[in-house]
Amino acid sequence: MAVNGIIKNTLFDKYGVTVISSKDDDTVQFNAFLQPLRYKNKIYLSGVPTELGYDGMNKYLLLAPPEVDIKYIEDSGYTLFFGSDTFSTDHCEPVYLGKKKLYYWAIVHKEG
């Protein structure tokens, strides 16, 4: 079943990118999916036109495994790093199937 693959982290480990969350001396590393959000409405015309819509490359969707403590994603004191880019979280929520947590989704923005 596909849900078991998500729960066991196989998709995150196999296809995800390494994200580091850090605050002072508290650092954690996990695999997650990180992709730019694209908007189709005309509010974001200053972005780059793509086949899917306008891409401002500022907001991203982050999907993280359920084992990661939500504080590492949601807490404003923590900074997310991917490669040389730095991200902050705008919003984060867990996704459940019944009572079992499947993953977290978050909207993050690139700093700088």
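Above this text you will find the structure in question.
Residues numbered from 1 in each chain as written. Predicted model: local features only at pLDDT ≥ 70, side-chain atom pairs only at ≥ 80, totals over all residues. Heavy atoms only, no water.

Caption draft 1: Quick look at the overall build of the protein. The number of helices and strands found in the protein is 3 helices and 8 strands. The order of α-helices and β-strands along the protein, N terminus first, is α-α-β-β-β-β-β-α-β-β-β. Looking at the protein as a whole, 33% of its 112 residues qualify as buried. Considering only contacts within the protein whose residues lie at least 6 apart along the sequence, 52% involve residues at least 24 apart. As displayed, the protein offers around 7200 Å² of accessible surface, 53% of which is attributable to carbon and sulfur atoms. (Helix = DSSP H or I, 4+ residues; strand = E, 2+ residues; numbered from the N terminus. Buried < 20%, exposed > 50% of the residue type's maximum accessible area, 1.4 Å probe, protein only. Contact = heavy atoms within 4.5 Å. Areas by Shrake-Rupley, 256 points an atom, 1.4 Å probe, with all protein chains shown as cover.)

Caption draft 2: Structural context of the pairing of strand 2 (residues 26–36). In this structure, strand 1 (residues 17–23) lies alongside strand 2, joined through 7 bridges in antiparallel fashion. Paired with V17 across the two strands is A32, which belongs to strand 2. In textbook terms, the turn of a hairpin is the stretch between consecutive antiparallel strands, and for strand 1 and strand 2 this stretch comprises 2 residues, one of which, D24, has a positive phi near 55°. (Pairing = 2+ DSSP bridges.)

Caption draft 3: The sheet that holds strand 5 (residues 59–64), seen in detail. The strand order around the closed barrel built from 6 strands is 1-2-5-8-7-6, with neighbouring strands paired in antiparallel fashion. On average, adjacent strands in this sheet sit at an angle of 45° to one another, irrespective of strand direction. Looking at chain direction, strand 5 and strand 8 (residues 100–110) are connected through 6 bridges and run antiparallel. Across the sheet, residue Y60 finds its bridge partner in strand 8, namely V108. (Axes fitted to C-alpha atoms, helices over the stretch in contact; angles between N-to-C directions.)

Caption draft 4: Examining the nonpolar core more closely. With 16 residues, the main nonpolar core has F30, L62, I73, L80 and V108 as its most contacted residues. Elements with a contribution of two residues or more to this core: strand 2, strand 5, helix 3 (71–74), strand 7 (85–97) and strand 8. The contacts of I73, once residues within four sequence positions are left out, are F30, L62, A64, V68, T89, C92, Y104 and A106. (Core = buried A, V, L, I, M, F, W, Y, C linked by side-chain atoms within 4.5 Å.)

Caption draft 5: Region of the structure containing the packing of aromatic side chains. Taken as a whole and judged by the stated rule, the model has 3 aromatic pairs. Between F12 and F33 the ring centres are 5.3 Å apart and the planes differ by 40°, which places this aromatic pair in the tilted class. With a gap of 21 residues between them, F12 in helix 2 (residues 10–15) and F33 in strand 2 connect regions that are remote in the sequence. For the ring pair Y72 and Y78, a centre distance of 5.1 Å and an interplane angle of 75° mean the geometry is edge-to-face. Considered together, Y72 and Y78 belong to a single accessibility category, that of buried residues. (Phe/Tyr/Trp six-rings, centres within 6.5 Å; stacked < 30°, edge-to-face > 60°.)

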